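# Examining the three-dimensional arrangement
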Amino acid sequence: MMVIDDMDEVLVTVIVPIYNVERYLKKTLKCLQDQSLKNFEVVMIDDGSIDGSTGIAKTFSERDRRFKYYRQENKGLSSSRNIGINKAVGKYIIFLDSDDTLTNNALECLYNLAELNDVEFIIFGGQKDYYNENDENIEKEVCCGNTLNTECSYGTELYQYLRVSGSYFTGAPFQFVKRNVLEREKIEFYEGILHEDHLYTFQLLNSVRKCMAIDYKLYHYRMRNDSITKGERYAERFIGFSITFFEMCKWINKKSDLKKNSEILKHIDEIWSQSIKYLIFMKKSELPLKQLKDFKKNTTNYYSVKNFRHYIIYYYLLLRLFHCFVVLLKKWKYEDGRKNI
């Protein structure tokens, strides 16, 4: 393979977090080498892999100067992405999971659209690839990501449009953003939680200026049975959504105009409800008591007793009432009992 020594201005940074994906990584990195756009860099963050992923990533970095390898002790996906953002020098940033792929023209297509239309942010589409038991051949393809086409002067408009149309999609790899937007708005991934894309996408969409949505299927999302998004993990999911709920409340308090946006308030209600859903699935022995205490405090601060919107706007009315007045009461009493033991 030819070694590439020199490169013009870096137009796009592709951030690839890596953790124990030796079976898929070579194909993922090869799809980047095959891109029609050549002036890009790949920032690979090895999150403490203990399989052959490290060797594969290092080989690419040795043979192609556009591929840059960094390693850290295992800290999770959000930490890896944040390091990638800090290392990036490209005008635009895109994330690629280490078992997925992009179409060969993806970077060129997104870069040209962003420059031609002078936008800060593009959300695009893709497909989920379901492989057979041997993980070799695709048995089923399902559209995912964005399916609409529109251009907006502000991200809040696009957010509203996507939410109302039922097309809101939080996957960070389906987004193409100007790097200086993340610096300007001080946006990064919340570390140490599941479902980190929910908060990141909410903050980003409600911060960017001119932006657009396209339905181009540029991303191929490999469906794996051992993915971190699979499995119950109720406690971790509760913590992720409860923290997201709190951080969304903090975010709109810093941007007063967002506090009057009914779609944003409805979105916060939905995240709160997700927290409750996972909370009631847990056994008592699984309850994260500190996070439960924080969630109780944050719920009380955000939803006043007289705030009837909290009880009637969401369509799970009976479930919410039951949760509020029975389940949470029992669990909070349990928390107090544990503290007195």
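Going by the structure above, here's the rest.
Reference entry: report on the structure contained in this document. Keep in mind that this is a model prediction, so the values were computed, not measured. Per-chain numbering applies: the sequence of each chain, read as written, is numbered from 1 onward. Under the rules for a predicted model, residues below a pLDDT of 70 receive no local features and side-chain atom pairs below 80 are neither given nor counted, while totals for whole chains, interfaces and linings still include all residues. Side-chain metrics rest on all non-hydrogen atoms present in the structure, leaving aside hydrogens and water.

## Points about the overall build of the chain
The helix and strand labels rest on DSSP assignments: H or I over at least four residues marks a helix, E over at least two residues marks a strand, and numbering proceeds from the N terminus. In terms of helices and strands, the chain carries twelve helices and ten strands. Buried means the residue's accessible area, taken with a 1.4 Å probe over protein chains only, is under 20% of the maximum for its type, while exposed means over 50%, and partly exposed covers the values in between. By the burial criterion, 54% of the 341 residues in the chain qualify as buried. Calculation of accessible area relied on Shrake-Rupley with a 1.4 Å probe; when residues are assessed, cover is drawn exclusively from the protein chains displayed. In the form shown here, the chain has an accessible surface area of approximately 16800 Å², with 50% of it arising from carbon and sulfur atoms.

## Some details on the nonpolar core
In this structure, F121, L158, Y200, L204, F245 and I268 are the most contacted members of the largest nonpolar core, which totals 53 residues. If you tally residues by element for this core, the top one is helix α8 (residues 234–254), at nine residues. Beyond its immediate chain neighbours, meaning those up to four positions away, I268 contacts F245, M248, C249, I252, Y302 and Y303. Working definition of a nonpolar core: buried Ala, Val, Leu, Ile, Met, Phe, Trp, Tyr and Cys residues. They are joined through side-chain atoms within 4.5 Å. The contact definition used throughout considers only heavy atoms, calling two residues in contact when any of these lie within 4.5 Å.

## Quick look at the packing of helix α7 (residues 196–205) against α8
The N-to-C vectors of α7 and α8 enclose an angle of 15°; their axes lie 9 Å apart at closest approach. Taken together, α7 and α8 sit at an angle that is classed as roughly parallel. Our pair here, α7 against α8, has a crossing hand that is right-handed. Contacts from H198, L199, F202 and Q203 in α7 reach F241, T244, E247, M248, W251 and I252 in α8. Three residue categories are used. Nonpolar comprises Ala, Val, Leu, Ile, Met, Phe, Trp, Tyr, Cys and Pro, charged comprises Asp, Glu, Lys and Arg, and polar comprises the others, including Gly. Looking at side-chain class alone, the contact of α7 with α8 contains six nonpolar, three polar and one charged residues. Think of each axis as a best-fit line through the C-alpha atoms, taken over the contacting stretch in the case of a helix, with angles from 0 to 180 degrees between the N-to-C directions. The labels follow the angle: roughly parallel below 35 degrees, roughly antiparallel above 145, roughly perpendicular from 65 to 115, and oblique for the rest. For any helix crossing, the convention is left-handed if the near helix is rotated counterclockwise from the far helix by under a right angle, and right-handed if that rotation is clockwise.

## Considerations on the pairing of strand β7 (residues 138–145)
Pairing between strands is defined by DSSP: at least two bridges between them are needed. Pairing of strand β6 (residues 121–131) with β7, which is carried by seven bridges, proceeds in the antiparallel orientation. What sits directly across from G125, in β7, is G145. Remark: six residues form the turn of the hairpin made by β6 and β7, two consecutive strands paired antiparallel; D135 in that turn has positive phi of roughly 65°.

## Brief notes about helix α4 (residues 106–117)
Given a helix with a known number of residues, its expected span is that number minus one, times 1.5 Å. For α4, with twelve residues, the first-to-last C-alpha span of 16 Å sits near the 16 Å given by 1.5 Å per residue. Where α4 is concerned, the buried positions are A106, L107, C109, L110, Y111, L113, A114 and N117. Note on α4: the residue one or two positions beyond its end, D118, has a positive phi of about 55°.

## Re the side chain of N206
The residue N206 is located in the loop between α7 and β10 (211–223) in this model. Classification of N206 as buried rests on a relative accessible area of 6%. Discounting chain neighbours no more than four positions away, the residues touching N206 are T156, Y159, K255, L258 and I264.

## Things to note about the pairing of strand β9 (residues 175–178)
Alternating positions in β9 separate into two faces, Q175 and V177 on one and F176 and K178 on the other, with burial throughout. Where strand β4 (residues 92–95) lies against β9, three bridges are found, and the strand directions are antiparallel. Paired with I94 across the two strands is F176, which belongs to β9.

## Section: the side chain of Q127
Relative to the elements of secondary structure, Q127 occurs in strand β6. By relative accessible area, Q127 is classed as buried at 12%. Contacts described as polar in this section are N or O atom pairs within 3.5 Å, which, within protein, must combine one atom able to donate a hydrogen with one able to accept it, while residues neighboring in sequence count only if both atoms come from side chains. A polar atom in the side chain of Q127 sits 2.8 Å from the side chain of D129. Side-chain polar atoms of Q127 contact the side chain of E141, separated by 3.4 Å. Among residues more than four places away in sequence, those in contact with Q127 are E141, V142, C143, C144, Y219, H220 and Y221.

## Here's the deal with unusual backbone geometry
Non-glycine residue K186 carries a positive phi angle of around 55°. In this structure, H195 is a non-glycine residue whose phi angle is positive, near 60°. Mapped onto the elements, H195 comes out in the loop between α6 (179–185) and α7.

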